[in-house]
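A structural walkthrough
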Amino acid sequence: IVKFQVHIRCVFLFSSQANQISSTMGGFNLNPSMFTQAPSGFPSPQQGNQQPYGMYPQPGAGMGFPSGPAAPMGPAAPTGPAASQPMPSYPGTYGGGPSPMPVAPAISRGYRGSIQDFPGADPLKDVEVLRKAMKGFGTDEQAIIDLLGSRSNKQRVPLLITYKTAYGKDLVKDLKSELSGNFEKLVLAMLKTPAQFDAHELKDAIKGAGTDEACLIEILASRSNAEIQEINQIYKAENKKTLEEAIHGDTSGHFRRLLVSLAQGNRDERETVDISLAKQDAQMLYNAGENKLGTDESKFNAILCSRSKAHLRAVFHEYQQMCGRDIENSIAREMSGDLESGMLAVVKCIKNTPAYFAERLYKSMKGLGTKDRTLIRIMVSRSEVDMLDIRQEFVKNYGKSLYSYISGDTSGDYRKLLLKLCGGND
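None of these values were measured; they are calculated from a predicted model.

Criteria and thresholds
- Residues numbered from 1 in each chain as written.
- Predicted model: local features only at pLDDT ≥ 70, side-chain atom pairs only at ≥ 80, totals over all residues.
- Heavy atoms only, no water.
- Helix = DSSP H or I, 4+ residues; strand = E, 2+ residues; numbered from the N terminus.
- Buried < 20%, exposed > 50% of the residue type's maximum accessible area, 1.4 Å probe, protein only.
- Contact = heavy atoms within 4.5 Å.
- Areas by Shrake-Rupley, 256 points an atom, 1.4 Å probe, with all protein chains shown as cover.
- Axes fitted to C-alpha atoms, helices over the stretch in contact; angles between N-to-C directions.
- Parallel < 35°, antiparallel > 145°, perpendicular 65-115°, else oblique.
- Nonpolar A, V, L, I, M, F, W, Y, C, P; charged D, E, K, R; others polar.
- Core = buried A, V, L, I, M, F, W, Y, C linked by side-chain atoms within 4.5 Å.
- pLDDT = per-residue confidence, 0-100.
- Patch = residues over 30% accessible without salt bridge, like charges linked within 9 Å, V, L, I, M, F, W, Y side chains within 5 Å.
- Salt bridge = Lys/Arg side-chain N within 4 Å of Asp/Glu carboxyl O.
- Lys, Arg positive; Asp, Glu negative; His and termini not counted.
- Charge placed at Lys NZ, Arg CZ, Asp CG, Glu CD.
- Phe/Tyr/Trp six-rings, centres within 6.5 Å; stacked < 30°, edge-to-face > 60°.

**Side note on the overall build of the protein chain**
A count of helices and strands for the protein chain gives 22 helices and 0 strands. Counting over 426 residues, the protein chain shows a buried share of 39%. Pairs at least 24 apart in sequence give 66% of the contacts found in the protein chain among residues at least 6 apart. A total accessible area of about 23,700 Å² is found for the protein chain, and carbon and sulfur atoms account for 54% of it.

**So, the packing of helix α16 (residues 327-334) against helix α17 (residues 337-351)**
Where α16 contacts α17, the axes come no closer than 9 Å and their chain directions differ by 175°. Considering the angle they form, α16 stands roughly antiparallel to α17. Residue-level inspection shows I327, E328, I331 and A332 of α16 in contact with α17, the latter providing E340, M343, L344, V347, K348 and K351. Each residue belonging to the contact of α16 with α17 can be placed in one class, and the counts come to 6 nonpolar, no polar and 4 charged.

**Quick look at the nonpolar core**
Counting residues in each nonpolar core, the largest one holds 95 residues, and the members touching the most others are I144, L175, L186, L258, M379 and L402. With 8 residues, the single largest contributor to this core is α17. Beyond its immediate sequence surroundings of up to four residues, L175 is in contact with M134, I144, V187, L188 and L191.

**Describing the confidence of the model for the protein chain**
For the protein chain, the mean per-residue pLDDT works out to 82, and 75% of the residues sit at or above 70. Contacts for the low-pLDDT stretch residues 1-105, under 50 throughout, to residues beyond four places or in other chains number 78 contacts.

**Let's talk about a negative patch on the surface**
Residues E227, E230, E269 and E271 make up a contiguous surface patch of negative charge. Following the sequence through the fold, E227 ends up in helix α10 (residues 225-239).

**Some remarks on the packing of aromatic side chains**
Summed over the entire model, instances satisfying the criterion amount to 8 aromatic pairs. Where Y356 meets F357, the ring centres are 5.2 Å apart and the plane angle is 65°; that geometry is what we call edge-to-face. You can call Y356 buried: its relative accessible area is 6%. Where Y362 meets Y398, the ring centres are 4.0 Å apart and the plane angle is 5°; that geometry is what we call stacked. Residue Y362 is found in helix α18 (residues 353-365), and its partner Y398 is found in helix α20 (residues 387-398); the two are separated by 36 residues along the sequence. Three or more aromatic residues link up through ring pairs in this structure, and these residues are Y362, F394, Y398 and Y405.

Laid out in structure tokens, this is it:
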């Protein structure tokens, strides 16, 4: 009974004090969560599940690597290499992480050609200049150089029909009658569309006693699907047989298979990279070459001719990581002859196209004699594509500018027009 009375009094006293406080504060009921926490306490939960950006990736930025130490977040699906490994050099992204650097840095610096459209060019005035340069006694070669060397391909090609419309004569025939040698070849090359010129070069590479295998690979390995398909159309229209038929009749073995595959113009051209597929392809290449007795050339052919260039750069990186040897070294060890040269050219072109063409130009002028057909073809075909990048690779790899090499290895009007296509010294 005594304990019960004491309990009743305690409850009554507490109730009275609470009522006094409540009446003093205007009937406001106290809420413990309103009191400020002690400085040493944990912060109140923030809205949602937001984390400080300095420790975890910014929301929406994907699972990149943390910029500082962090508590474990629990199991998660792997999205890329472990933090202790270097980020592979793949173009594009994978796993939501930051964009890695490709083997050959992607060039996104605007137009990289050396020849541009001439502002306000008038075809009628241009053909008048050409007509005057060839009319009468002698030829004004400098006038031809100045005009053709300052017009883009889409401004030069229409001059053929404009000339015939204005004078009833064939411009190509008139030029052939006035010019000669490599200067004539260069001028006529500049009056063809890119696809016409490529089809012409492929035909010349195949016809006759010998075959210019390097020319075949150079063109087919470096052109886009759309460009190769246009070349095929023009080749068939001009030669009454397909390019593939011409290749079949002039080459053999695995080298023929390589050329036929490239001539389909059916390479995957997506820029995205599937890292798991890149690893699989690298393993397949390793198993087809270094990891077996003999070489399975068909596996190399299938991967190098069908996969996208961005994907293949990732494959080459994975291959290096896997077996500690560059893919080019493995090809040189496993193959020989035209197939080796062809496969190496494909790999080099995929890794770094401007560097590949810089090497081709260097070899065309190195030593005694000049491979003028190669020099003309590359200078004309790349002048509105990546000539500025080729010049950079040339001086970086060979210690001398492309302009100075051309100046020292050619002469006369031929040299003057080549230097116009080069676009300047470095």
